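Fold and geometry: a report
Listed here are the chains, written in short residue letters.
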2 protein chains.
Amino acid sequence: MKPVYFFDEGHGQSRRLLGGKGAGLCEMTSLGLPVPPGFVVTTAVCKDYYRNGRTISDKVMRAVRRNVSRIARETGKKWKSARNPLLVSVRSGAAISMPGMMDTILNLGLNDDTVLGLAEQSGNPRFAWDSYRRFVQLFGKVVFGVDDSTFDDILDAAKERQGVTGDAELSEDSLRDVVSQYKEACRRHAGRDFPEDPDEQLELAVKAVFASWMGERAVVYREKNRITPDIADGTAVNVVSMVFGNMGEDSATGVIFTRDPGDGSRRLFGDYLVNAQGEDVVAGTRTPKPVARMVRELPEAYDTLEKTCSTLEKHFREPQDIEFTLEQGRFYLLQTRSAKMNASAMIRTSVEMVSEGLIDRKRAVSRLSAEQLEQLLHPSIDAKASKDHDTLARGIAASPGAASGRVVFDVREAVELGEAGESVILVREETKPEDVPAFFASVGILTSRGGKTSHAAVVARGMGKPCIVGCAQLRIDADAGTCTAGDRVVRSGEHVTIDGATGIVYLGTVPTVRPRMTKNFQTILEWARKGKRLGIRANADTPEAARLARKYGAEGIGLCRTERMFNAEDRIGLFVRMIMARDGAERRARLAELQRLQRSDFAKILKAMEGYPVTIRLLDPPLHEFLPNPEELAGRIAQMPGDEAAAQKPVLARARELAEVNPMMGHRGVRVGVTYPEIYEMQIRAVFEAAASLARRGVRAVPQIMVPQVGSVEELDHIKRIYDDIRSEAERKNGRPVPVSFGTMIEVVRAAVTADRLASTAEFFSFGTNDLTQATYSFSREDAEGKFLPEYMEKGLLARNPFQTLDADGVGELMALAISKGRDARPGMEVGICGEHGGDPDSVRFCHAAGVDYVSASPHRIPIATVAAAQAAASGN
Amino acid sequence: MKPVYFFDEGHGQSRRLLGGKGAGLCEMTSLGLPVPPGFVVTTAVCKDYYRNGRTISDKVMRAVRRNVSRIARETGKKWKSARNPLLVSVRSGAAISMPGMMDTILNLGLNDDTVLGLAEQSGNPRFAWDSYRRFVQLFGKVVFGVDDSTFDDILDAAKERQGVTGDAELSEDSLRDVVSQYKEACRRHAGRDFPEDPDEQLELAVKAVFASWMGERAVVYREKNRITPDIADGTAVNVVSMVFGNMGEDSATGVIFTRDPGDGSRRLFGDYLVNAQGEDVVAGTRTPKPVARMVRELPEAYDTLEKTCSTLEKHFREPQDIEFTLEQGRFYLLQTRSAKMNASAMIRTSVEMVSEGLIDRKRAVSRLSAEQLEQLLHPSIDAKASKDHDTLARGIAASPGAASGRVVFDVREAVELGEAGESVILVREETKPEDVPAFFASVGILTSRGGKTSHAAVVARGMGKPCIVGCAQLRIDADAGTCTAGDRVVRSGEHVTIDGATGIVYLGTVPTVRPRMTKNFQTILEWARKGKRLGIRANADTPEAARLARKYGAEGIGLCRTERMFNAEDRIGLFVRMIMARDGAERRARLAELQRLQRSDFAKILKAMEGYPVTIRLLDPPLHEFLPNPEELAGRIAQMPGDEAAAQKPVLARARELAEVNPMMGHRGVRVGVTYPEIYEMQIRAVFEAAASLARRGVRAVPQIMVPQVGSVEELDHIKRIYDDIRSEAERKNGRPVPVSFGTMIEVVRAAVTADRLASTAEFFSFGTNDLTQATYSFSREDAEGKFLPEYMEKGLLARNPFQTLDADGVGELMALAISKGRDARPGMEVGICGEHGGDPDSVRFCHAAGVDYVSASPHRIPIATVAAAQAAASGN
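Here's what I pulled together on the structure shown here. These figures come from a predicted structure and were not determined experimentally.

Details of the sheet that holds strand 2 (residues 38-41) of chain A
All names here are of chain A. The 5 strands lie next to each other as 1-2-5-3-4, forming an open sheet whose pairing is antiparallel. Each edge of the open sheet is held by one strand with a lone partner, namely strand 1 (4-6) and strand 4 (104-108). The sheet shows a mean angle of 20 degrees between the axes of neighbouring strands, taken without regard to direction. Of the strands in this sheet, strand 1, strand 2, strand 3 (88-94) and strand 5 (235-241) are in contact with helix 3 (residues 58-75), which crosses strand 1 at around 10 degrees.

As structure tokens, then:
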């Protein structure tokens, strides 16, 4: 394997081998753009470095030196020369960008000889010695681990001695002295002399960059951001000839986006500094100017910049984020990469690049991150208003959405205030299972520890609440009732606002904006709809939700949960009386009343979805879910007056009788349908009556009846006989066929395994992936997410929460088995999934690949599902 | 298809086509034994009869008449002849015997002409007219549905008129008169004349027998005994020339077993009656004599009988149950079938027939019913003592074992008495889920309704308690506190004894005998052990259980549940303190104490099983199972003195913190092992230390460590790393390898689906079929068996309780998948099952076929598993 690539030898696609930065530099070089000559030491060398006990082979170092010679040839400078010295920068660059996490050394090649050459060459000895000083400091810090404060003390003493306050005022002599003291500091710290030989400097620098890959900061960063070895397994090293933006008023340095990353508009965006190096921009000692100012100040350079940006965009077909340096009027590109933008900017650029002819619609959809689109579907910080609010701290964005509320440190207090109607932001060092009640009571969660898979992050995402974790700047003192970041102190009860999309914590209450659907987003969705194969349906239980789903583009309802209708306030009493019925006759009487209500509900929903299928699931939960909790009721009865208590006692007895050890696997779904057939009879009849009455009014209703919790064809056949009887009865009454179909959920493992038999009766399948996941893992979601799941994810036993992203290896394998068996028995059978996975991009991609016909998601996630479906279609078959 | 088989045309193997009785008659005919000439109308004709709207085709009836002619030829009698008439019997006979459930007509062919021929032929006109009377009555009843009481009234009037009291005293004239009145009664009832033409009589009789297949009694019988259409789907009709055991003192009839069905001893057993017909034996009007008396009374016939029995046994290689008739000195066989015997008689005959050279050992084992052997493993009625006790009633034997106790009708009273230490027999019309607490409190259950799959039957079998259901003779009046059978009344609180193996309810307390292992049973087990392929291991958690298991022949322990050791009285306190530990350090301290105890337990068990594998399962249940129930504890705390209450409050808080919604799918097994690694560390260390110390003492211990609830290879690898560390540590200390292996339970569905990956880490698999069944069906066993499972079985949605007999289609399919994936990844890997299915014969057969290496069962079921394993080996591959 070739260990070193000169920039004209590498390829922009080889990010794994060359790292992101190296690949970009190679690609720009091959485009003929003005990149300073340089080369990449590959990530493969980095892996060898660790494999061989942190060493680099002689062969590789020879290759490095050969490439240094080539830089010298191309720049016309000389390595180690005291007259015309070649200086280089050494920078890390992994396949995935890890901003600020690894190390950079500038001006490498300087020593007591070459510094004279630089002085002569630049005609600016002060500049040369200042460069030398900076080099020794960076090198000493990165290679030898000398603390910054050691250098700062030396510099401060020099300034005092000379009687000046700014670095820039230090004289050449002072700087010489500082360099010598810096070197002495290094010697004391490292127990060896500062290396004068540029070859040795380079070898030590390359090793230090490799070592920084396993530095504590970098390891933590990768863990928190789930950058696993299959994504990036080492860093490359970029060695580039130095160019200087600080060689006078015709020199400058800048960081530019080819389009505005805030709103996506087509204009250069960014800042530059005249007579400065990149460091100065970062250090914030001088205020950079907006790029628009270049038009007047450096008109030629601006021209070049504009043309370069246009070339890069045309080549990469993506907005770019670039670094440039102007050295005495000469323009150099030091980096390019795809610009990171917020979701709405991504959407705008997608739409505009299509109209500019830069990309086609397929690419316009594919370049979006479906996960990122979620930002647009939660409340977000009002960007204008946020400027008026101070930032308290910044942590890891763990669950999107923005929320404001009072800071509360105590779990019990959070529950009390939350239940009293206050908006509460729960602030903890970290959270534990026993804190979960406070999650329910809070509008957002903020922790100072933990990463994206910490307990707080997993639970908050499960609940859809905004959450920031790992906000390390924040020091929480719960006893004192304060949290502190820098010199800002927030007391318990004061207001903060958290932005779970960016990880920023604001002081005070920042106004938020409700999500809205922009015209550009509509356009993207339209393109996505045309490009996808998967159908997208909605989970909706009310006519209002059905209408909303249509607005978002749902092509039907994949899951209409009939029990939600029973839980409505005007019905729950009726439903309870049905459960309490002493015999079948009384139960039927109560059901007759419920039937009228359900028929009307169904008719409204079917009408709202006219022309599209509506999959109605028969009663799923166990009956005791509709009754009060026995212990609570017993407590209340103890305090009731005698006659009231007497009236409640039968309810208590029934609740106790129906109680279960494991309700998730108990008397529910089709099992209730079998033992209380009158309930399913009522529901099926209500569907037929609704469909028949709509048909008479000329409304094209397409209801599908779906039986939950089926595990055997015997159960399904049993319900099918009831269905057939009601169908015959309805058709007799109606005088013509009523268009209702009959299918089954596949959510019990045994249903998946015996799908061929089920398909002989079922006209369609719908996977209930939530229950199927629970059964496949033997995880009760309620128990797992609060208890062991976060620890599983932190320990790496689970890469993803399987209740959010479908487990392809286990659950997916069963789905594939069921689909294949089902379609063998009933060719072309319709297969869908309903449940939360339907709105998760990776799960949507899995469903596309598995040959599922449609996914059903909650209405507000339909856009995400639509985009994910289009991306899946674009990327494969 | 040939619709009618003359007895020399049929084949003894064709039971499905000819029915059991017909096949036996054909077989005996082909052996040259004296069977009266006759023929079989096949079950296929019966199916056509139903298919064609209860008609029989002309073609079939022509075949019937041709065969009647052949009977006439062979007997030398004439059909419809007034001089020498041929008379026949018409009897049902299905593939499965349904005693007393279908109909029989004797003396068919008699009419006003032929009766004269019979009179002349027999020289006994009274006999002829009495036969005619009986024929008309049976025919009238079976074909026209005339009530017996109508005939009885006529007969009583005739006797009164003649002034006699017994039937036998009626004169020929009186009988003539009775016949004529009987016919008139039939005419009135049927609206048509009694058929005089024997052809018409025969056609009507055959149809009536077919019709009786769907008679209410027969349908109910089949339902209760689970005789499904795949076992028997119609009845055959046997038409046989009549022979008469009531033609004088040289005539007789009898029912004989070739060996004693009570103890299996080799002697003829049964009764006979001189000058009588079969009916007389059944009617009980005369007392039959034991067969031994025949030696003196009818020595020649006895000789023939003995030789015939010997011939039949040699032919069928099974003890037979035969009917014979002696007609004026001539010996006829009317039926033969395999004798039904109790379990110990079956075993004795198996052993003796081998020593007699009648059968080989393989057949000796195969002919036993493994299910029936269960009788020998429960307490049973002391046969000698039972003779001194009256039988109250007889119902359906639903769950084996015998028990005596006070009759209690009220559920609450049963619970109270049971908890007070009384032996209670719960007596109900039927049981419901809310009665389950009374099941726990009772020693046996008796119901007057329901079949083998009723709620009572399913729940009692699940608990291993004796149970009789469907005891229809019993009229229960719970309000009056009595139950009545015939004229016997039993009051609440009086003692009864139920025998769940036979369905007999005795009055009073009948002594029972503890199960014991006879020498014959030992012999059979020895043969079974040699013939089987499957290994048989035991589920055992104590050294005592291990020794018992060895005695029963266990070849290892397949499941040693370590948590049972924690539940012992001297340890539970320690375990609770471990759970209550404030931090890892305190927890480790508690665990160190537990480790000493576990090491000693393990050492004792391993020693008891020396040379055989012992599979030790790491902690499985959730931690809250070891703490008190929070609601109960809260109640107790409310009544405690202040300081005691204060001490208990942390326990309450911890119990609440650990409580789960669905504990079955919650924080248990490997999930506890991951989150509290110190617990598994302790257990694994205890195993290594026990094994190492035994090895030092020269004891060959073979421990296998098994991780429960594993769903992914990541979990297993996580525990494996802990195991590897402890193994290295132990081997360092011990100075040599310690023979411990590492495997996984397959009880989570995802484990089965990803078995190939698990097999890369696990050295063996053990299926936890109970949990796997729960997860595959999404049935919580605790909830299902008490609630909907019985109704599922009554409605035919489940043929068997999947927690007793492995569900081959669902759970078995997953097992097959796991075995195949597992062995692909690790060829020849050991695969076992542990759990209750290991003791169920059908499940053992499934495991044999699926290529499982061993089953593990509770010690007392090892003999059953051994026999079932040998039968599986004998029947297949």
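Thoughts on the interface of chain A and chain B
Counting residues at the interface gives 50 residues for chain A and 50 residues for chain B. Looking at the side of chain A facing chain B, the largest losses of area belong to A:Met665, A:Arg750 and A:Leu797, adding up to 15% of the total buried there. Summed over the shared surface of chain A and chain B, the number is 6 salt bridges. Within the residue set of the side of chain A that touches chain B, elements represented by two or more residues are helix 26 (642-658), helix 27 (670-675), helix 29 (713-734), helix 30 (749-753), helix 32 (769-777), helix 33 (781-786), helix 34 (789-794) and helix 35 (808-825) of chain A.

Observations concerning the environment of A:Ala385
All names here are of chain A. Structurally, the position occupied by Ala 385 is in helix 16 (residues 383-386). Classification of Ala 385 by relative accessible area gives buried; the value is 13%. Distance from Ala 385 to Trp 129, taken between C-alpha atoms, is 46 Å for residues 256 residues apart in sequence. Other than its neighbours up to four places away in sequence, Ala 385 contacts Val 510 and Pro 511.

Overview of the pattern of salt bridges
Counted under the stated rule, the structure contains 133 salt bridges over all chains. With a closest N to O distance of 3.9 Å, A:Arg588 and A:Glu678 form a salt bridge. Of the two residues, A:Arg588 sits in helix 24 (residues 584-608) while A:Glu678 sits in helix 28 (residues 677-696), which places them 90 residues apart along the sequence. Relative accessible area serves as the criterion here: at 44%, A:Arg588 is assigned to the partly exposed category. For A:Glu678, a relative accessible area of 7% translates into the label buried. Here B:Glu203 ties to B:Lys207 by a salt bridge, and the two come within 3.5 Å at their closest N and O atoms. Taken together, the residues B:Glu203 and B:Lys207, both in helix 8 (residues 198-212) and 4 residues apart, mark about one turn of the helix. Residue B:Glu203 is classed as partly exposed on the basis of its relative accessible area, which comes to 23%. Taking relative accessible area as the criterion, B:Lys207 reaches 24% and is therefore assigned partly exposed. Each of A:Glu563, A:Arg617, A:Asp620, A:Arg668 and A:Asp771 takes part in one network of salt bridges that share partners.

Focus: the pairing of strand 9 (residues 320-327) of chain A
Consecutive side chains along a regular strand alternate between the two faces of the sheet. Residues and elements named next belong to chain A. Burial runs high along strand 9: 7 of the 8 residues are buried. Bridge count between strand 6 (residues 252-257) and strand 9: 6 bridges; the pairing is antiparallel. Paired with Ala 252 across the two strands is Leu 326, which belongs to strand 9. Between strand 9 and strand 10 (residues 330-338), which pair antiparallel one after the other, the connecting turn spans 2 residues, and Gln 328 there sits at a positive phi close to 45 degrees.

Points about a positive patch on the surface
All names here are of chain A. Where like charges cluster on the molecular surface, the positive patch consists of Lys 59, Arg 62, Arg 65 and Arg 66. Within the secondary structure layout, Arg 66 lies in helix 3. Note on Arg 66: relative accessible area 56%, which makes it exposed.

Topic: the packing of aromatic side chains
Residue and element names in this part refer to chain B. Overall, the coordinates contain 42 aromatic pairs over all chains when judged by the stated rule. Taking the centre distance of 4.7 Å and the plane angle of 45 degrees together, the rings of Tyr 723 and Phe 742 count as tilted. Within this pair, whereas Tyr 723 is found in helix 29 (residues 713-734), its partner Phe 742 is found in strand 28 (residues 741-746), the two being separated by 19 residues in sequence. Tyr 723 gets classed as buried once you look at its relative accessible area, which sits at 1%.

Here's the deal with the packing of helix 21 (residues 543-551) of chain A against helix 24 of chain A
Working note: a packed helix pair is described by the angle between its axes plus the distance between those axes. Residues and elements named next belong to chain A. Axis separation between helix 21 and helix 24 bottoms out at 8 Å; the angle between their running directions is 10 degrees. Overall, the two elements helix 21 and helix 24 adopt an arrangement that is roughly parallel. On helix 24, the residues that touch Pro 543, Ala 546, Arg 547 and Arg 550 of helix 21 are Lys 604, Ile 605 and Ala 608.

Calculation rules
- Residues numbered from 1 in each chain as written.
- Chains lettered and ligands numbered in written order.
- Predicted model: local features only at pLDDT ≥ 70, side-chain atom pairs only at ≥ 80, totals over all residues.
- Heavy atoms only, no water.
- Pairing = 2+ DSSP bridges.
- Helix = DSSP H or I, 4+ residues; strand = E, 2+ residues; numbered from the N terminus.
- Axes fitted to C-alpha atoms, helices over the stretch in contact; angles between N-to-C directions.
- Contact = heavy atoms within 4.5 Å.
- Buried area = accessible area lost by both parts, 1.4 Å probe.
- Salt bridge = Lys/Arg side-chain N within 4 Å of Asp/Glu carboxyl O.
- Buried < 20%, exposed > 50% of the residue type's maximum accessible area, 1.4 Å probe, protein only.
- Patch = residues over 30% accessible without salt bridge, like charges linked within 9 Å, V, L, I, M, F, W, Y side chains within 5 Å.
- Areas by Shrake-Rupley, 256 points an atom, 1.4 Å probe, with all protein chains shown as cover.
- Lys, Arg positive; Asp, Glu negative; His and termini not counted.
- Charge placed at Lys NZ, Arg CZ, Asp CG, Glu CD.
- Phe/Tyr/Trp six-rings, centres within 6.5 Å; stacked < 30°, edge-to-face > 60°.
- Parallel < 35°, antiparallel > 145°, perpendicular 65-115°, else oblique.

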